[in-house]
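Descriptive structure summary
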Amino acid sequence: MEGHSDADVICHAVADAMLGAAALGDLGTHFPDDDPATAGMGGMDLLVRAVELIRGAAFRPISCDVVVVAEVPPIAPRRDEMRANLARVLGVSIDRISVKATRPEGLGLTGDGAACIALAVATTP
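What comes next is a walk through the structure. (Residues numbered from 1 in each chain as written. Predicted model: local features only at pLDDT ≥ 70, side-chain atom pairs only at ≥ 80, totals over all residues. Heavy atoms only, no water.)

**Points about the sheet that holds strand β2 (residues 97-102)**
Spatially, 3 strands are ordered β2-β1-β3 in an open sheet, and the strand pairing comes out mixed. At either margin of the open sheet sits one strand with a lone partner, and together these are β2 and β3 (117-123). Strand-to-strand twist in this sheet, taken as the mean axis angle between neighbours without regard to direction, amounts to 15°. Inspection of the sheet shows strand β1 (residues 63-69) paired to β2 by 6 bridges, in the parallel sense. Of the residues in β2, the one forming a bridge with V67 is K100. Where helix α1 (residues 9-21) meets the sheet, it contacts β1 and β3, and its direction lies at approximately 35° from that of β3. Across the face of the sheet, helix α4 (residues 79-90) comes into contact with β1 and β2 while running at roughly 140° to β2. (Pairing = 2+ DSSP bridges. Helix = DSSP H or I, 4+ residues; strand = E, 2+ residues; numbered from the N terminus. Axes fitted to C-alpha atoms, helices over the stretch in contact; angles between N-to-C directions. Contact = heavy atoms within 4.5 Å.)

**Some points on the environment of I10**
With respect to the helices, strands and loops of the structure, I10 is situated in helix α1. Judged by its relative accessible area of 11%, I10 is buried. Separated by 106 residues in the primary sequence, I10 and C116 have C-alpha atoms spaced 9.6 Å apart. Look past the residues within four positions of I10 in its chain and what remains in contact with it is V66, V68, M82, L86 and A118. (Buried < 20%, exposed > 50% of the residue type's maximum accessible area, 1.4 Å probe, protein only.)

Below is the structure:
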């Protein structure tokens, strides 16, 4: 994937969901795409910084559910690895993280492989 940072759609969706759950805006507010400091930044690094922001505002991650909409790559072979990495960065148990995918079966930009979408829902107290 191509993007201003590394275009890690899963980490970006989780970071946006975490920021939103804490009512702290979105990724573009904190990490604008015209900021050279974030150019090429890894998705996990971006997520670490987002978690630092929510912790700084006296919130903490509780759980997260992610769905990826993409024809390829398949998610299932690496799902547990993704869950473990997200759990580690969020500081929660792996049983609080869900990662799943759906294939658009040839429909639209995600179906022809030109794009990938990830949506996440997060909870914070």
